[in-house]
Amino acid sequence: MADFIQLLIAGLATGGIYALAAVGFTLLWQTSQTINFAQGEFVMLPAFFVLIGMSFFGMPFWLACVAALILSMITLGFMFKKLLVDPMLNHGTLPLVIATIGLAILMKEGVREFYGADAWPFPPLAEATNVTVLGAALSLQSLIILGITIGAVVALQLFLSGTRTGRQMQATALNPSVARILGIPVERMILYTFLINAALVMLAALLITPIYLAKFSNGELLGLYAFIAAIIGGFNQMRGAIVGGLVLGVIDNFTAVYISTQYRLVVPLVFLIIIILFRPQGLLGRVEERTV
Amino acid sequence: MKLLKSIASLSALALMAATPAVAQVKLAYIGEISGQLAVSGGNFRDGVVLAVEEINAKGGIAGQRINLTLYDTQTNPGVARAQTQKALDDNPYAVLGPVLSGNVKVTMPLFIQAEMPHFIGGEAADLVTLGDKYLFRTSFGQQIGMPKIANYIRDEIKAKSIALIWVNNDFGKTGRDNLLKELASRNIRLAADVSTEAGQVDFAADIVKLKAANADAVFVYSNEEECARIMREAKRQGLKGPFVGDTTLLSQKTIELAADAAEGVQGHVGLTSDAPLKEVEEYKARFQKRFNYVSDHNGIKGYTGVYAIKYVTEKKLGGKFDRKALAEAMRGLTITPKDEPGILIETTWDQNGEIDRISFLAEVVGGKQKITKILPKIGK
């Protein structure tokens, strides 16, 4: 039983990080029909912003995190939208998807050229101690990751449903044409989603990098898992992405222990195929109909 | 204007032709500069580069400057084969690398066909049994190291059961098989056998399995980055150990990446820049000054490989650059630091290219590898 609880918490903690990246997928899709295949690299890059702040500019960890957050929002939010998404969006979804794949390669190779192919240690947010719950020794770091993830998602949900700007963003996501008629500054709302995505990937980077270590190739797996999580949960629902991420993290861990380490990626993919076959809109997604 | 340019170009060409050409000998490094094993391949490369720079500064090998070309396998067997073919087409005198045992295996037929001496970093036990007369190790094969580790587990740790976590590639699989054989012969029980993937980043589930095994000691056998991630996750989940391992677990890079999670790790190291030997200490300082980081065992492998080529060419072949003669002279050869300071530690190669050296028992104390005992060469 103790093993089961430990696995569950560890799975939920990892799944929470996938969920943060997956939420970014759904946000960008809902507001601007952008499928960002560089999302994994978006999680990888802020960790290097932090390391650069600490090693090149001698900043303390917290200040480097603040600087990295600002830099992430400028580069991965504002500049990503203005320099890549806006010019490409007029050409349709597919060219934009290809452009984001290119961006992912550029980011990965850029980090490798600048910072090297080695992995680098990254400071954890909390000391590695344990808390005993129901006889199971749970990692405090896992609990903190889970807590921060839940906190971030709740805060985002409150922002979207409880503030005027949040409701305007939701209206933009539902129907930009009607939102524009109603006087909602649609362009600004879309920009806000890109900035929120940048903040989310920065948070995910802070949580995952102490475990993965900072490495140029970290985005490959993260991007894949986040994409699978978003599809499993429902690409057009934020809460779907959260559920998808958590489910994926738990399945991954249980597969590794109770089936085989070699099949840990296979089982989530089989689950993905089952979802696509029997519930293509995802676990919590809504059916989108199109007139042809 | 065109005429002036033509005259200038012809003059430059004439000047170049009149300058006596400096004789050069080509060496190639084919290694894991990027990809999953970049930590090891990068260290090996820097060891090679340091040795080449030092030798060139002193006039080269037998008066010929070394022209070193680097080829990146990207830790990918397909790329490794293509890069090896490219390197061989350039007709080097000898090759350093690859480091990854799997890449050594896939490129082996090309080296045999080209009759090219190659100084590898791979440690998989079977590499010297595959009929490659031109292969020479730069560190122990697992069949040499594992009996020493098994003795250490029985005599020093006094463990009756072991939980083993290993990486499922050529290096990890043959290492595991050799270790299990040695443990069984010493009546040490295998409490858990956890295989992991190369490049794996999340070890939460694997550590839960190790905890459940409740063994007397945990044996970690993987590449440096994965070793560090395993140790970090073990600390995160409160797995107490004791943790035992081989060279990769106690390497400087693993200690740097794992930080305080590596504290107390102990085991056997075949090669280390923390060895309490004057030549190694001086090498470590030179490496750190040149590359601004501490060399691990892979750096020493690359460095000593180049110096072995230099020694044999100058002292055994009389300055003649003959590949087949180089390979022939290497077999059964012993080089001491007195003969060639760049070899750092007295080293013997047998007829199959296997190596024999002293080795070390070590422990991580205060974020550093501390040598606790020096084990003699097997042949002594």
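Residues numbered from 1 in each chain as written. Chains lettered and ligands numbered in written order. Predicted model: local features only at pLDDT ≥ 70, side-chain atom pairs only at ≥ 80, totals over all residues. Heavy atoms only, no water.

Remarks on the packing of helix H3 (residues 61-89) of chain A against helix H4 (residues 93-115) of chain A
Residue and element names in this part refer to chain A. This is how it is decided: Fitting a line to C-alpha atoms yields each axis, with helices limited to the stretch in contact; the angle taken between N-to-C directions then spans 0 to 180 degrees. Comment: elements are numbered from the N terminus, with helices defined as DSSP H or I runs of at least four residues and strands as E runs of at least two. Orientation categories follow fixed angle ranges, with anything under 35 degrees roughly parallel, anything over 145 roughly antiparallel, 65 to 115 roughly perpendicular, and all other angles oblique. Whether a crossing is left-handed or right-handed is set by the direction in which the near helix is turned from the far one by less than a right angle, anticlockwise for left-handed and clockwise for right-handed. Pairs of residues are marked as contacts when any of their non-hydrogen atoms sit within 4.5 Å. Residue polarity follows a fixed list, in which Ala, Val, Leu, Ile, Met, Phe, Trp, Tyr, Cys and Pro are nonpolar, Asp, Glu, Lys and Arg are charged, and the others, Gly among them, are polar.
At a minimum axis separation of 9 Å, H3 and H4 run at an interaxial angle of 140°. It follows from the interaxial angle that H3 and H4 lie oblique. Here the hand of the crossing between H3 and H4 comes out right-handed. On H4, the residues touching Leu-76, Phe-80, Leu-84, Val-85, Met-88 and Leu-89 of H3 are Pro-95, Leu-96, Ala-99, Thr-100, Leu-103 and Met-107. Among the residues making up the contact of H3 with H4, the classes are represented as 11 nonpolar, one polar and no charged.

Observations regarding the layout of surface pockets
Gaps between atoms show up when a probe of the same size as a water molecule is rolled over them. Rules: Using only the protein atoms, space was sampled on a 1 Å grid; points where a 1.4 Å probe fits but cannot get out form cavities, open sets with protein on both sides within 12 Å along at least five of seven lines form pockets, and lining residues are those with an atom within 4 Å of a point. Grid points are joined across faces, edges and corners, and a volume is the space filled by probe spheres set on the points. The split into domains, and so the bounds of each, comes from an automatic or database assignment of domains.
Its volume calculated, the largest pocket comes out at about 720 Å³. Looking at the largest pocket, it is lined by 33 residues, and the ones nearest its centre are Glu-220 and Leu-221 of chain A together with Gln-36, Ala-198 and Gly-199 of chain B. For the lining of the largest pocket, the element with the highest residue contribution is helix H9 (residues 218-233) of chain A, accounting for five residues. For the lining of the largest pocket, the class distribution of residues is nine nonpolar, 12 polar and 12 charged. Both domains that furnish three or more residues to the lining of the largest pocket are identified here as domain 1 (24-140 + 276-349) and domain 2 (143-269 + 360-375) of chain B. Looking at the second largest pocket, its volume works out to about 510 Å³. As for the second largest pocket, its lining consists of 21 residues, and the residues nearest its centre are Tyr-115, Gly-116, Ala-117, Asp-118 and Trp-120 of chain A. Within the residue set of the lining of the second largest pocket, elements represented by two or more residues are H4 of chain A together with helix H2 (38-57) and helix H9 (252-258) of chain B. Looking at the lining of the second largest pocket element by element, the count peaks at six residues for H2 of chain B. Taken together, the residues of the lining of the second largest pocket break down into 10 nonpolar, four polar and seven charged.

What about the domain arrangement of chain B?
Residue and element names in this part refer to chain B. The line we're drawing: Throughout, buried area stands for the accessible area (probe radius 1.4 Å) lost by two parts on being put together, summed over both. A side-chain nitrogen of Lys or Arg and a carboxyl oxygen of Asp or Glu constitute a salt bridge if their distance falls within 4 Å.
One can read the domain layout of chain B as domain 1 (24-140 + 276-349) and domain 2 (143-269 + 360-375). For domain 1 versus domain 2, the distance between C-alpha centres works out to 27 Å. Taken together, the contact pairs 23 residues of domain 1 with 23 residues of domain 2. When domain 1 packs against domain 2, the two sides together hide about 1800 Å² of surface, and 64% of this comes from carbon and sulfur. For domain 1, the biggest contributors to the area lost against domain 2 are Gln-36, Val-39 and Phe-140; these three give 29% of the whole. Taken together, the connections running from domain 1 to domain 2 amount to one salt bridge. Of the charged contacts in the structure, one is a salt bridge between Asp-170 and Lys-105, with a shortest N-O distance of 3.1 Å.

Points about the sheet that holds strand S1 (residues 24-31) of chain B
All names here are of chain B. Stated formally: Two strands qualify as a pair provided that DSSP identifies no fewer than 2 bridges between them.
With parallel pairing, the five strands of this open sheet are ordered in space as S2-S1-S3-S4-S5. Each edge of the open sheet is held by one strand with a lone partner, namely strand S2 (65-72) and strand S5 (135-137). Going across the sheet, the axis of each strand differs from the next one's by a mean of 25°, ignoring polarity. Note that strand S3 (residues 94-96) and strand S4 (residues 118-120) share two bridges and pair parallel. By the bridge assignment for S4, Leu-96 is matched with Phe-119. Sheet contacts for H2: S1, S2, S3 and S4; angle to S2, the most-contacted strand, approximately 165°.

Here we look at a nonpolar patch on the surface
Residue and element names in this part refer to chain A. Worth spelling out the cut-off: Patches here are clusters of residues that have more than 30% relative accessible area and form no salt bridge, with a 9 Å joining cutoff for like charges and a 5 Å cutoff for nonpolar side chains (Val, Leu, Ile, Met, Phe, Trp, Tyr). To be clear on the numbers: accessible area is Shrake-Rupley with a 1.4 Å probe, and residue cover counts the displayed protein chains and nothing else. For every residue, the accessible area obtained with a 1.4 Å probe (protein chains only) is divided by the maximum for its type, and the residue is called buried under 20%, exposed over 50%, and partly exposed between those limits.
Side chains of Met-1, Phe-4, Tyr-258, Ile-259, Tyr-263, Val-266, Val-270, Ile-273, Ile-274, Leu-277 and Phe-278 sit close together on the surface and give an oily, nonpolar patch of about 1200 Å² of accessible area. Looking at the nonpolar patch element by element, the count peaks at six residues for helix H11 (residues 266-278). Among the secondary structure elements, Leu-277 is positioned in helix H11. Judged by its relative accessible area of 60%, Leu-277 falls in the exposed class.

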